[in-house]
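Each chain is listed here by its residues.
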Amino acid sequence: VRNGIEFAVADLSLAEFGRKEIRLAEHEMPGLMALRREYAEVYPLRGARISGSLHMTVQTAVLIETLVALGAEVRWASCNIFSTQDHAAAAIVVGPHGTPEEPKGVPVFAWKGETLPEYWACTNLMLTWPDGSGPNMILDDGGDATLLVHKGVEYEKAGAVPATDDNDPEEWQVLLDLLRRSLEADAGKWTKLAPGIRGVTEETTTGVLRLYQLAAQGELLFPAINVNDSVTKSKFDNRYGCRHSLIDGINRATDVLIGGKVAVVCGYGDVGKGCAESLRGQGARVIVTEIDPICALQAAMDGYQVATLDDVLEQADIIISATGNKDIVTVEHMARMKHQAILGNIGHFDNELDMAGLARYPGVRRINIKPQVDEWVFPDGHSIIVLSEGRLLNLGNATGHPSFVMSNSFANQVIAQIELFTRHGEYDKEVYRLPKKLDEKVARIHVEALGGKLTKLTKEQAEYIGVDPEGPFKPEHYRY
Ligand code: NAI
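As the structure is a computational prediction, the values presented were derived from the model and not from experiment.

### Notes on the UniProt feature "binding site: substrate" (unreviewed entry) in the protein
Line of reasoning, step 1. Under the present numbering, the feature "binding site: substrate" (unreviewed entry) in UniProt falls on Thr57, Asp141, Glu203, Lys233 and Asp237.
Line of reasoning, step 2. Topologically, Asp141 is positioned in the loop between strand S4 (137–140) and helix H6 (144–158).
Line of reasoning, step 3. With relative accessibility at 5%, the residue Asp141 sits in the buried group.
Line of reasoning, step 4. Dropping the residues within four chain positions of it, Asp141 is found in contact with Ser53, Leu54, His55, Cys79, Glu202, Glu203, Thr204 and His348.
Line of reasoning, step 5. With respect to the helices and strands, the residue Glu203 is situated in the loop between strand S5 (199–202) and helix H9 (205–216).

### Observations regarding the sheet that holds strand S1 (residues 49–53)
Line of reasoning, step 1. Read from one edge to the other, the open sheet built from seven strands follows the order S3-S2-S1-S4-S5-S6-S15, with strand pairing classed as parallel. Two strands lie at the open edges of the sheet, namely strand S3 (108–109) and strand S15 (431–432), each paired on one side alone.
Line of reasoning, step 2. Pairing between S4 and S5: four bridges, direction parallel. Residue pairing for S5: Met137 is matched across the bridge by Gly199.
Line of reasoning, step 3. Strand contacts of helix H3 (residues 58–69): S1, strand S2 (73–77) and S4, with the helix running at about 160 degrees to S2, the strand carrying the most contacts.

### Thoughts on the site of the ligand
Line of reasoning, step 1. Within the structure, the ligand sits among 25 residues, and Thr204, Thr205, Thr206, Glu290 and Asn394 are positioned closest to it.
Line of reasoning, step 2. One of the side-chain nitrogen or oxygen atoms of Thr205 is found 2.8 Å away from an oxygen atom of the ligand.
Line of reasoning, step 3. For the ligand, an oxygen atom lies 2.6 Å from a polar atom in the side chain of Glu290.
Line of reasoning, step 4. Protein coverage of the free-state accessible area of the ligand, which is 860 Å², stands at 85%.
Line of reasoning, step 5. Of all elements in the fold, only H9, helix H10 (231–254) and helix H11 (270–281) reach the threshold of two or more residues within the shell around the ligand.
Line of reasoning, step 6. Of the residues contributing to the shell around the ligand, the split by class is seven nonpolar, 14 polar and four charged.

Analysis parameters
Residues numbered from 1 in each chain as written. Predicted model: local features only at pLDDT ≥ 70, side-chain atom pairs only at ≥ 80, totals over all residues. Heavy atoms only, no water. UniProt positions renumbered as here; feature names shortened; annotations may be inferred. Helix = DSSP H or I, 4+ residues; strand = E, 2+ residues; numbered from the N terminus. Buried < 20%, exposed > 50% of the residue type's maximum accessible area, 1.4 Å probe, protein only. Contact = heavy atoms within 4.5 Å. Pairing = 2+ DSSP bridges. Axes fitted to C-alpha atoms, helices over the stretch in contact; angles between N-to-C directions. Near = heavy atom within 4 Å. Polar contact = N/O pair within 3.5 Å; in protein donor to acceptor, adjacent residues only side chain to side chain. Areas by Shrake-Rupley, 256 points an atom, 1.4 Å probe, with all protein chains shown as cover. Nonpolar A, V, L, I, M, F, W, Y, C, P; charged D, E, K, R; others polar.

Following this line, the structure appears as structure tokens:
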């Protein structure tokens, strides 16, 4: 605590650098800046206590300061142990008008390179407001904040936290351990906190999947808005964001020439499409793996070979997992990969790659090359290069998506926060999407910022295709 502000970040003296990058990012985030102008002096988030769990980057800093400009109080943690940009975290704690000695910003609990126990401790601190109250809104990416609250309530009701065993993933063991201690120290904490939460807005595919599962089981404790499936989020951030940040991560990590190499992309959803395009753009020969025939056909029509990982493993110089599913690259696969082939994951959780299996592989040796880059040497002498310990490499090895694309995603986040905070009474404990009109509004701002000029429908044309001249321009079932 300094100057009344709680925080746990790497180094507050990085704040000045962070502030300079935030200033540049603001110009590249016209969606967020337009919302600041639209709601100046209206403060629709006045009274909102937002607990946010989302990669603590420069772009997120602009999001946080937008929420504050709209009246919210905010506490923040990162949703990944490697994704924090320490200068952005410092700048947010210090705030635009503070100094490292006298910070005046927002409580942040995040630094690059947290351990798992530190990660969950930060998530817990971000959800624990100093006066003993909790948040009344959650802004989540991947669902860990939502998971902590739901598991807390579940185990408090049961009166105990289940025992862990050695076969559980480490992440799960650490979470249960935290909840066990929380139950001992402050029984009833989560049961008290949950009813105060008006809703959660969720950023990514994986978190949204968890929310729909909770809702289907009737276990969702508060309404949720699925921000990911706003068209201006998933069809832009997941795709064009990864098109930018995948090769950024590979280059910063390895500086290996991508042209001429064989790259396998597992999964051809929104993220996979952007990854495949970026690797092809560098001159790689790209092979796609898919389980879904529709996405597989898209890949084929886009000119990629569609194959199974088993069939092409030995040819691959680079393998990227982009599925949001688990067990995509097994340790048996890893053992068969080419010497010094690069393995990375860009999906939300590290369980896409069997990192635990790799660590247990008989005779395997790990040589750390630099932070977030490891060479794993097999007993036969050949090795593979694993990025960010199997966690999302674009945020671990590089700086994630650039500002402009995140402006689309985060404009949706802010709109969703305003919606759930101000009109929570109109929502059930279900998962909702934002109306298409708001999606179009976000897109319009960004088209104009890029110097594009939209064609206006005439009244006759609008009638002919059966839409309002002001939009929405497409039916709900349209897929873009
Ligand atoms: P998506 O659902 O559009 O695509 C995933 C694709 O993987 C689907 O087409 C699915 O059929 C395929 N798939 C599933 N199991 C597979 C298997 N065993 N083998 C091959 N393909 C398989 O999801 P999206 O939006 O592309 O997201 C993927 C992951 O990336 C999610 O975990 C999401 O949260 C994460 N994400 C990461 C970002 C980043 O910056 N690193 C940005 C946005 C999303």
